[in-house]
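Chains, contacts and geometry: an overview
So you can see what is in the structure, the chains are spelled out below.
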Amino acid sequence: METKPVRVGIYARISEDRDGQQTATARQLKDAREFAERKGWIVVDEFEDIDTSAFKTNVKRPEFLRMLDSLRVGEIDGVLVWKLDRLTRQQRDLARVMEACEVHKAFVASVSEPIDTHENYGQFVAELLVAQARMESANTSARQRRKAQEMREEGRPPSVGRRCFGYALDLSMIVPEEAALLRDARDSLLAGESLRGVVQEWNVRGVRTTRGAEWRTQYLSRLLASPTLCAEREHEGLRYPGTWPAIFTPNDTERLRRLFAGHAGAGRKRSPTVNLLSGVLRCGACGEGMYGSRTSDGKRRYVCHKRPGSPACGSLTTMAVPVEEAVAELVFAAVDGEALARALHERTDHDDGLAGLVRDDEAALKLLSMDYYDSHVITRDEFFAAREPLVKRLEANRERLSRRDRGGLLHRFTGSSDVLRNAWTNGNLEFRRAIVGGLLERVELLPASKKGRSPFDVGRVRPRWRY
Ligand SMILES: [Zn+2]
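Residues numbered from 1 in each chain as written. Predicted model: local features only at pLDDT ≥ 70, side-chain atom pairs only at ≥ 80, totals over all residues. Heavy atoms only, no water.

Let us now look at the packing of helix α6 (residues 176-190) against helix α7 (residues 195-205). Following both chains from N to C, one finds α6 and α7 inclined at 150 degrees, their axes separated by 10 Å at the closest point. Between α6 and α7, the interaxial angle falls into the category roughly antiparallel. Here α6 and α7 pass one another in a crossing that is right-handed. Contacts between α6 and α7 pair L181, L182, A185, S188 and L189 from the former with L195, V198, W202 and R205 from the latter. Each residue belonging to the contact of α6 with α7 can be placed in one class, and the counts come to seven nonpolar, one polar and one charged. (Axes fitted to C-alpha atoms, helices over the stretch in contact; angles between N-to-C directions. Helix = DSSP H or I, 4+ residues; strand = E, 2+ residues; numbered from the N terminus. Parallel < 35°, antiparallel > 145°, perpendicular 65-115°, else oblique. Left-handed = near helix turned anticlockwise from the far one by under 90°. Contact = heavy atoms within 4.5 Å. Nonpolar A, V, L, I, M, F, W, Y, C, P; charged D, E, K, R; others polar.)

This is the structure:
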């Protein structure tokens, strides 16, 4: 007696379309075809969904839907899968399959699991497997999160699909000409140039993003403020130092962020309202820092702020403008002075070796990372033992270099206070603070000799120069 041959459709799915996964699908299909042959089934159709996750409910699986239709109209007598989790990870989807099978009493069979939905027991197993697959998928993402955290703690570079301007795709190397552009942009911005100006200049010069597009202010500010450029990663507010070479110091990144935050906060207006001398001005009576505040009618002032847990005396208050003007005059005079020119000259000579040291240490750090991550010739403990002193020295030297950069800003103005006066008037507060911070370690304000509304006595301002 002749029986009708059993016609089946093979359903295959891979969760992610990565290298090598295509071959996994090919293997699934091959296994399923052989399985069908052993059973004497005829494979009349193959359904293949790629790059969708059966765990997510909202992703489209066109072949899955076509397979359901095939079952409903009776084109196939059964569906064969390599593993049930390829077919569905949702009880609801399983129900859709079962419902489609119901019409013509079709079945679901698995190559690697004991499933035959002709029997109640098989259906029970199928449901159980779906529940299990869901749990595994949840575990996978917990595992992925843990792995990601581990990689951040090890200082591994973030894996990104697109090359970051300034770096090779895997962040292992700096692209020197792009890094030079970034450093120039940093210097220009901190010297008071506008972001728009830098963007225009780059576009005019033919500099393009790594996608080949023209620059826009949002792209550039996002890039310049990115932790990647100072070889750090940020996650949930924490910072993780990385093992890839840095283009900026963390201090650079911080300053640029403050600059951008100021612009954003001021709604595209010129400069953020910070005080020129906060962090620099000290109370001459107690030696503690003086802070910017305002009088009741909104005028800026600096106060020695008495507060719990601080030795601040709270006895000194001064209006901001006169003391700032006095400090500016001291700065202009210093720029014309011989001592500064001499000091800057020495500093430059001295620091040429420093830049070389930083480059050597960066190279050593890179080799060390390769030994650990790529060649596996050293252990994790050895890696961290060798890395720590290297990173410490590197950071200290980079910090020194960045101070030299501030010296570089001063270089433009030495011997020409009229140029500085002009830049001072036109530049923003960040620029003025950079100049003051580059020249002055601190400024001490002595208490007034007599009370009253007498004009500000510039003799009360005692500068402590950096050179
Ligand atoms: Zn005080």
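With that settled, the discussion passes to the confidence of the model for the protein chain. For the protein chain, per-residue confidence averages 80 on the pLDDT scale, and 82% of positions sit at 70 or higher. Within the model, pLDDT remains below 50 along residues 265-273, and this stretch shows twelve contacts once partners closer than five positions in the same chain are excluded. (pLDDT = per-residue confidence, 0-100.)

Each protein donor to the zinc ion is listed here as C283 (SG), C286 (SG), C304 (SG) and C313 (SG); together their distances run 2.2 to 2.4 Å. Geometry at the zinc ion is tetrahedral, judged from its four donor atoms and the angles of 99 to 114 degrees they form at the metal. Along the chain, the residues that donate to the zinc ion are spaced as C-x2-C-x17-C-x8-C. Its relative accessible area of 26% is what places C286 among the partly exposed residues. (Donors = N, O, S within 2.8 Å, 3.2 Å for Na, K, Ca; no water. Tetrahedral: all angles 85-135°; square planar, octahedral: opposite > 155°, others 65-115°. Buried < 20%, exposed > 50% of the residue type's maximum accessible area, 1.4 Å probe, protein only.)

Another aspect to go through is the sheet that holds strand β12 (residues 461-465). If you walk across this open sheet you meet the three strands as β7-β11-β12, and the pairing is mixed. Lying at the two open borders of the sheet, with one neighbouring strand each, are β7 (281-283) and β12. Each strand axis lies, on average, 30 degrees off the axis of its neighbour in the sheet, ignoring direction. Taken together, the five bridges between strand β11 (residues 440-445) and β12 define a ladder with antiparallel strand orientation. Paired with V443 across the two strands is P463, which belongs to β12. (Pairing = 2+ DSSP bridges.)

This part covers unusual backbone geometry. For K105, which is not a glycine, the phi torsion comes out positive at approximately 55 degrees. With respect to the helices and strands, the residue K105 is situated in the loop between α4 (91-104) and β4 (107-110). Non-glycine residue A231 carries a positive phi angle of around 55 degrees. Classification of A231 by relative accessible area gives buried; the value is 6%.

The two faces of a sheet get side chains in turn, since along a regular strand they alternate between them. Across four bridges, the pairing between strand β5 (residues 232-235) and strand β6 (residues 238-241) is antiparallel. Bridge pairing in β6 places E232 opposite P241. Here β5 folds back onto β6 in antiparallel fashion, the turn holding two residues, of which E236 has a positive phi close to 45 degrees.

The end-to-end C-alpha distance of α6 is 21 Å, a good match for the 21 Å that 15 residues give at a rise of 1.5 Å each. Taken together, the buried positions of α6 are occupied by E178, A179, L181, L182, A185, R186, L189 and L190. Looking straight down α6, one finds its buried side chains confined to an arc of 160 degrees; they lie on one side. The outward face of α6, more than 90 degrees from its buried face, is lined by the exposed residues P176 and E177. Of the residues flanking the end of α6, it is G192, one or two places downstream, whose phi is positive at about 110 degrees. (Expected span 1.5 Å × (residues − 1). Arc of directions from axis to C-beta.)

This next bit is on the sheet that holds strand β9 (residues 300-303). On the basis of which strands lie adjacent, the open sheet formed by three strands has the order β8-β9-β10 and antiparallel pairing. Looking along the sheet, the strands with just one partner apiece sit at the ends: β8 (291-294) and β10 (317-319). When the angles between neighbouring strand axes are averaged without regard to direction, this sheet yields 35 degrees. Each of β9 and β10 touches helix α10 (residues 320-336); the most contacted strand, β9, lies at about 80 degrees to it.

Looking now at the pairing of β4. Burial along β4 is two-sided: F107 and A109 and V108 and S110, pointing in opposite directions, are all buried. The sheet contact formed by strand β3 (residues 78-81) and β4 spans four bridges and is parallel. Residue pairing across strands places V79 opposite V108, the latter belonging to β4.

Further remarks concern a positive patch on the surface. A cluster of basic residues, R162, R211, R216 and R222, forms a positive patch at the surface. Here R162 lies in the loop between α5 (120-153) and α6. (Patch = residues over 30% accessible without salt bridge, like charges linked within 9 Å, V, L, I, M, F, W, Y side chains within 5 Å. Areas by Shrake-Rupley, 256 points an atom, 1.4 Å probe, with all protein chains shown as cover. Salt bridge = Lys/Arg side-chain N within 4 Å of Asp/Glu carboxyl O. Lys, Arg positive; Asp, Glu negative; His and termini not counted. Charge placed at Lys NZ, Arg CZ, Asp CG, Glu CD.)

Two side chains that carry opposite charge are able to pair once their charged atoms sit near each other. Tallied over the entire structure, the rule returns 23 salt bridges. A salt bridge links E46 to R33; the nearest nitrogen and oxygen atoms lie 2.6 Å apart. Residue E46 is found in strand β2 (residues 42-50), and its partner R33 is found in helix α1 (residues 21-39); the two are separated by 13 residues along the sequence. Classification of E46 as partly exposed rests on a relative accessible area of 30%.

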